[in-house]
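Okay, here's what each chain looks like letter by letter:
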Amino acid sequence: MAAEQQNEVKMPQMEENKENSIDESLGLEILQIIKDSQQQHGLRHGDYQRYRGYCSRRLRRLRKTLSFKMGNRHKFTGKKVTVELLSDNRHLLLVLMEAERAWSYAMQLKQEANTEPRKRFHLLARLRKAAKHGEQLEKLCESPRVDAKTKLEAQAYTAYLNGMVQFELQEWKSAMESFNKCKTIYEKLASAFTEEQAVLYHQRVEEISPNIRYCAYNIGDQNAINDLMQMRLSAGGGGGMMAEKLEALITQTRAKQAAVMSEVEWRGRTVPVKIDKARIFLLGLADNEAAIIQADNEETKERLYESLLAECRDTIQAVREELRTDQRERAAEGADSGKVSNLQYLHSYLTYIKLWTVVRRNESMAHALQAKLKEPQTDENKRGPRPQDLIRLYDIILQSLAELSSLQGLEEDHTFQKEVALKTLVYKAYRCFYIAQSYVLVKKWSEALVLYERVLKYTREVQSKAKSFNNSLKDLPDVQELIAEVSAEKYSLQAAAILEKSGKTDSVAPSDVFTGPLSDRLDNFRLDPTLLSKQPNLVQFPPDFQPIPCKPLFFDLALNHVAFPPLDDKVEQKGKGGITGYFRGFFGFGS
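Residues numbered from 1 in each chain as written. Predicted model: local features only at pLDDT ≥ 70, side-chain atom pairs only at ≥ 80, totals over all residues. Heavy atoms only, no water.

The subject of this paragraph is the overall build of the protein. Regarding its fold elements, the protein presents 18 helices and two strands. Sorting the 591 residues of the protein into buried and exposed places 39% on the buried side. Relative to all contacts within the protein whose residues are 6 or more apart in sequence, the contacts with residues 24 or more apart total 66%. Total accessible area on the protein is roughly 37400 Å²; 51% of this is exposed by carbon and sulfur atoms. (Helix = DSSP H or I, 4+ residues; strand = E, 2+ residues; numbered from the N terminus. Buried < 20%, exposed > 50% of the residue type's maximum accessible area, 1.4 Å probe, protein only. Contact = heavy atoms within 4.5 Å. Areas by Shrake-Rupley, 256 points an atom, 1.4 Å probe, with all protein chains shown as cover.)

Attention now moves to the nonpolar core. In terms of nonpolar packing, the biggest core is built from 72 residues, with L282, L346 and I353 touching the most fellow members. Counting residues per element, the ones that place at least two in this core are β1 (263-266), α11 (276-294), α12 (298-333), α13 (342-374), α14 (387-404), α15 (414-441), α16 (445-465) and α17 (479-501). Considering every element that reaches this core, the biggest residue donor is α15, with 14 residues. When near neighbours in sequence (up to four residues on either side) are disregarded, L346 contacts V264, V271, V273, L282 and V319. Counting residues in hydrophobic clusters, the runner-up holds 64 residues, among them L31, Y48, W103 and Y160. (Core = buried A, V, L, I, M, F, W, Y, C linked by side-chain atoms within 4.5 Å.)

On to the side chain of R204, then. Structurally, R204 can be placed in helix α8 (residues 195-219). Those residues in contact with R204 that lie beyond four places of it in its chain are L31, I34, K35, Y160 and Y186.

Turning our eyes to something else, we now look at the packing of helix α4 (residues 89-112) against helix α5 (residues 119-141). Interaxial distance between α4 and α5 falls to 8 Å at its minimum, and their mutual angle equals 160°. When the axes of α4 and α5 are compared, the pair comes out roughly antiparallel. Once α4 is placed against α5, the crossing between them reads as left-handed. Here the contact of α4 with α5 is composed, by residue class, of 16 nonpolar, four polar and six charged. (Axes fitted to C-alpha atoms, helices over the stretch in contact; angles between N-to-C directions. Parallel < 35°, antiparallel > 145°, perpendicular 65-115°, else oblique. Left-handed = near helix turned anticlockwise from the far one by under 90°. Nonpolar A, V, L, I, M, F, W, Y, C, P; charged D, E, K, R; others polar.)

A few words on a nonpolar patch on the surface. Where nonpolar side chains cluster on the molecular surface, the patch consists of L538, V539 and F541 and spans about 360 Å² of accessible area. Using a relative accessible area of 54% as the deciding quantity, one classes V539 as exposed. (Patch = residues over 30% accessible without salt bridge, like charges linked within 9 Å, V, L, I, M, F, W, Y side chains within 5 Å. Salt bridge = Lys/Arg side-chain N within 4 Å of Asp/Glu carboxyl O.)

Tallied over the entire structure, the rule returns 19 aromatic pairs. Note on Y352 and F416: the rings are 6.1 Å apart at their centroids and 65° apart in plane angle, and the pair reads as edge-to-face. Of the two residues, Y352 is situated in helix α13 and F416 in helix α15; the sequence distance between them amounts to 64 residues. Both residues of the pair, Y352 and F416, belong to the buried class. Aromatic pair Y394 and Y430: ring centres 5.9 Å apart, planes at 25°, arrangement stacked. Highlighted residues: Y394 in helix α14 and Y430 in helix α15, separated in sequence by 36 residues. Of the two residues, Y394 and Y430, neither departs from the other in class, the shared state being buried. (Phe/Tyr/Trp six-rings, centres within 6.5 Å; stacked < 30°, edge-to-face > 60°.)

Counted under the stated rule, the structure contains 16 salt bridges. Measuring nitrogen to oxygen at the nearest pair gives 3.3 Å for the salt bridge that ties R267 to D413. Separated by 146 residues along the polypeptide, R267 in the loop between β1 and β2 (269-272) and D413 in the loop between α14 and α15 bring together distant segments of the chain. With a shortest N-O distance of 2.4 Å, D395 and R431 are connected by a salt bridge. In this pair, D395 sits in helix α14 while R431 sits in helix α15, placing the two residues 36 residues apart along the sequence. Of the residues examined, R431 reaches a relative accessible area of 28% and is grouped as partly exposed.

This part takes up α5. A rise of 1.5 Å per residue sets the reference length of α5, with its 23 residues, at 33 Å; its end C-alpha atoms lie 33 Å apart and thus fit the reference within 8%. Burial in α5 covers these residues: L123, L124, R126, L127, A130, A131, H133, G134, L137, L140 and C141. In this fold, the buried residues of α5 make contact with α2 (30-40), α4 and α6 (148-168). (Expected span 1.5 Å × (residues − 1).)

Moving on to unusual backbone geometry. Following F541, the chain continues to P542 via a peptide bond in cis, the omega torsion being -5°. Within the fold, P542 resides in the loop between α17 and α18 (578-587). Even without a glycine there, the phi angle at S67 is positive, about 55°. Along the chain, the position of S67 falls in the loop between α3 (48-65) and α4.

This next bit is on the confidence of the model for the protein. Of the residues in the protein, 80% have a pLDDT of 70 or more, and the chain-wide mean is 79. Long-range and interchain partners of residues 235-240, a stretch whose pLDDT sits below 50, account for four contacts in this model, where long-range means more than four residues apart. Segment residues 504-514: pLDDT under 50, and 25 contacts once partners within four positions in sequence are set aside and those in other chains are kept. (pLDDT = per-residue confidence, 0-100.)

Here we take up the pairing of β1. Looking down a regular strand, the side chains alternate between one sheet face and the other. Burial of β1 is one-sided: the residues V264 and W266 facing one way are buried, the residues E263 and E265 facing the other way are not. Hairpin connection of β1 to β2: two residues between the antiparallel strands, including R267 at a positive phi of 55°. (Pairing = 2+ DSSP bridges.)

Note that β1 and β2 share four bridges and pair antiparallel. The residue of β2 that forms the bridge with E265 is T270.

Along the chain, S178 turns up in helix α7 (residues 172-192). Sequence separation of S178 and Q166 is twelve residues, and the distance between their C-alpha atoms is 8.7 Å. Residues in contact with S178, not counting those within four places in the same chain, are A159, N162, G163 and Q166.

Let us now look at the side chain of S438. You can see S438 is positioned in helix α15. Taking the relative accessible area as the measure of exposure, S438 reaches 13% and is therefore buried. If we ignore the near neighbours within four places in the chain, the residues touching S438 are P387, Q388 and I391.

Encoded structure:
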C-alpha cells in the first residue's frame, strides 16, 4: 500500500515537470553549432565526405536518444518532426543535421564535378533537398515555444541554402535576394549582441559578400568587378570554389577587353599580338602587379606571385606552339631567318616578364628572411633562418639574370645588356655578403674578411656604373645600406681575428656563442641572449666532483708493546675431583 501511494505521488510530479519543460522556450545556436562541427570534422581541410559521415553518425545518435527511429531493420517507416512533437531542442538539431548532411554531400559532388560533369545533376538534387530541410526547420521555429534568436537564425540559414540553389542554377537575381536577406539578418543579430558573440556573424557576412558581388556583376553591375578584384586579394576569401569563380570571371572580363588590343610595345619595338591567351595575360599584367604591391602580408604576396607565374608559363607555352608552326612555315618558304620575327620577339618579351617576376619574388622572400635573421631566436628547438637560405635565393636570382642576358632579339641591345650586368653586380654583392655571414658562424675570420672586401669591390663598381642608369636602380636593393653593414662587420671581425691569434678566448665576433654557465663568468659582461630563453645556462648541473678530506681512521699501535701485570692470583683454581667429588657434591658432602 505504501509503495502504491509513493507511485501516486511521483506520477503527478513527473507530469508537472514535463509540462514545465514544454512551457520553457526552446533555443538552438544554429550558426555556432554548424561552424564548430564543420571545423572539427573535415571542413578545415575541405574534406566534405568526412563531414557528411559525421552528420550521418550524429543523426543516428539523435534518433536513438529521442526514440525517433524510422521503423525497424525489416521495414522503413517515414517519420517527420512536427510542431506537436517539438518538446526538446534536439528535435530542431535533428532537422539541422539532415540539412547539413545534404549540403555537405552537394559540396562533395561539386568537387568531383570538375572531372565528372554528370554529377552536377546529383549536386543540384542534394542542394534542393538541403533547402527543403532548411524550410522545414524554419517552419518548426515558427512555434511559440522557440525563442526569437533561433527563429532569426533559422530564417538566415534557409535563405543561405536557397541562395546556394539559385546560385548553382545561375538565377542571379533570386540568388542575390536570398543572400541579401541572409546578410541582413546576420548583421542585425551582430548588432544585438556583444562583440565576442558578434564575431561569428561578421565572419558569415564576409563569406556571403563575394557571392552577392558575383551575382550583381552577372545581373549587369559593372562596378562589382572592382570589388571582386579586391576580394581576390584576401587570402582564401570566399572559399576555394568561390575563388575559382572569381578567377574565371576575371578571365572573361579580360577576354572581352582583349578584343580591342592588337599590339604591344617593348624596348622601342611594336609587336602585333594575335594570340588571345597572350592578349588576356598582357591586359591583366598591370592589375596583377598592382595587386602584389597592395598585398598586406607576405603570404598573400607569395600567392599572387605564384598565380602570375603560372599564368605566364601557360601563355609562353601557347606562344611557343605558334612559334614552332611559324618557324616550320618560314623554313618551307625559305625566308630569311637572320631577323628576329615578331612572334619570336613576343616570346622574348613574355620570357622577360617571367624571369623578372622570379627575381622580384625571390627578392621579396629574401627581405622577409633578412628581417627574421635579425630577430633574436627565442625557441632553441625550432630551426631559424640561416644565411645559407638567403644564398640559395640569390643563386636563383643570378641564374634568372643570366637567362635574361641571352634572350633572342636583345643581343644587340647594349643598354639592356648593361642594365642586366648592373643588376647582376648588385645581387652578387648581396650573395657574397651572406656567404661571408655563413663563414662568420663557423668562426673562419680570414675567409669572411676576404669576402667582405669582395662585397665592397662589387658595391664600388655598382656606384661607378649607376650614374648613367638612375632609372634602372629604382627597383633594386640599396647598396649604401649594404656598405654600412659590411663596414661594421669588418671591424668586429678584425678584432676577433686579433684576439684569436693572441690566444684569448673572449671573442667579440657577433656570431660568438656563450656556452659557459653564468656562474663562471660573473666578472665579465656579455650580452647573452640565451639567458632570456626557456633554458638559461646559469650554473653547471650536475656539478663536478671535488676532492674533500676523508674521515680519519685510528689504529692502536702501542697495544703490541704494552706488558700487562699477571692476574693468576685472582683466577679461581679448579681442583681435580673425579666421580667421588661428583657424588659428594650431589649429596651435600664436602660443601
